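Tertiary structure, described
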Amino acid sequence: MEPYPYKFVPIYKEKIWGGRNLQRLFGRLLPAGKAIGESWELADLVEGVSRVANGPAAGATLTDLTGRLGPRLLGRARPMPDGRFPLLLKLLDANDKLSLQVHPDADAVKAIGPGTALKTECWYVIESRGGMIYKGVLPGVTAEQFRGAIENDTVEQCVKASKARAGDFHYLPAGTVHALGAGVVVAEVQTPSDTTYRVTDWGRGREIHVERSMQCIHFAEADDAAPGAQGDTLLAKGVRPLFPRINFSEADDAAPDGDTLPGADGETLLVTEFFTVARREASAGKPASLPAGRCAAVMMLDAKTPAEVRHAGPAEPATKVRAGDTVLVPACLEHPEIVADSACTWLEVTLPDKMGADH
């Protein structure tokens, strides 16, 4: 099977906080009568596996592609220990406020045991209708005080909150307590895990996970605070802030050195040990190169007319991509590029070398 740029059938997840805004923004044909909170664009989990929507491999699962293509798909990156694809991409429609939640880091995973997995993620805000983002415990709040606030239903007073604006980028390393407020649509890039512990559900009656949450949450000391690009945030340690409207939380691991990847105009938003995220732009009629020799996912944010992902191989040499679409570009493709009749903007997500099998 000759590789080519792959599009996938979205996996829609009904959520109590979801809406119908993916239909309004991107023309999605959503399941009738359901409040859709998540569209899994690229997923290889037990809870949901993406299937190819285009070309001769249509119907194949992402698990199949990862196993059959190996380094032709992943390049120098590696799959997860179970052989699955090492990335999860979503669109989130927070028509109502999400639960305040946290995901485990490596230490918490070891302490909790089987059935849990590390989850680090980031959000790019596509639309905000006056929404808020909650991210991180306020400096100086202790674990004891935070537990008391959960019991007294005052935990919102212990969490940093800022207005969400289209174009904002938020890094949420494992251990960061967080939530989307009502009226926000984001693109989410994350490690492949669905492990989530609710701190509070704002009185909606769903189960909360106080003990597991307390095992996972990172509490900042008062002197750890540092000014971010906007709002009261913690500047990330070990990540490279190159985008002017970026918001960070604390991070533990150092990012590799290096400038932005070659290709389209734009800026690298985040470099972690799990993935790199860049925001790219292309002008009308001007081809924009995609990374060569590296597995890349394109999440198209804005395109007035359909763009094309092209390559020099024989299979599916031109794949149409519209705003809201996600395309997976195998590492082995020759001269991959985006060509558009109008200006377009996308997130470009790449995998680091030799990541996956040890995580």
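Look up: the structure comes first, before these words.
Anyway, here's the lowdown on the structure attached to this text. (Residues numbered from 1 in each chain as written. Predicted model: local features only at pLDDT ≥ 70, side-chain atom pairs only at ≥ 80, totals over all residues. Heavy atoms only, no water.)

What follows concerns helix α2 (residues 62-69). Taken residue by residue, α2 has L62, L65, T66 and L69 as its buried positions. Viewed along the axis of α2, the buried residues span an arc of 95 degrees, placing them on a single side of the element. Pointing more than 90 degrees away from the buried face of α2 are the exposed residues G67 and R68. Residues of α2 that are buried in the fold lie against β1 (6-7), β3 (36-42), β4 (44-45), β5 (48-49), α3 (71-74) and β22 (326-329). Backbone geometry just downstream of α2 places G70 in the positive-phi region, at approximately 50 degrees. (Buried < 20%, exposed > 50% of the residue type's maximum accessible area, 1.4 Å probe, protein only. Helix = DSSP H or I, 4+ residues; strand = E, 2+ residues; numbered from the N terminus. Arc of directions from axis to C-beta. Contact = heavy atoms within 4.5 Å.)

What follows is about the pattern of salt bridges. Oppositely charged side chains may form a pair once their charged atoms are brought near each other. One pass over the full model with this rule turns up 22 salt bridges. The closest approach of N and O atoms between K90 and E38, which form a salt bridge, is 3.3 Å. Residue K90 is located in strand β6 (residues 88-94), and its partner E38 is located in strand β3; the two are separated by 52 residues in the primary sequence. Summarising the burial analysis for this pair, K90 and E38 share the class buried. The partner of K97 in a salt bridge is E156, and the shortest N-O contact between them spans 3.8 Å. (Salt bridge = Lys/Arg side-chain N within 4 Å of Asp/Glu carboxyl O.)

Bringing the side chain of T120 into the picture now. Along the polypeptide, T120 turns up in the loop between α4 (106-112) and β8 (121-128). Judged by its relative accessible area of 4%, T120 is buried. Within polar-contact distance, the side chain of T120 engages the backbone nitrogen of A174 at 3.0 Å. Excluding its chain neighbours within four sequence positions, the residues that come into contact with T120 are Y171, L172, P173, A174, V189, Q190, T191, F274 and F275. (Polar contact = N/O pair within 3.5 Å; in protein donor to acceptor, adjacent residues only side chain to side chain.)

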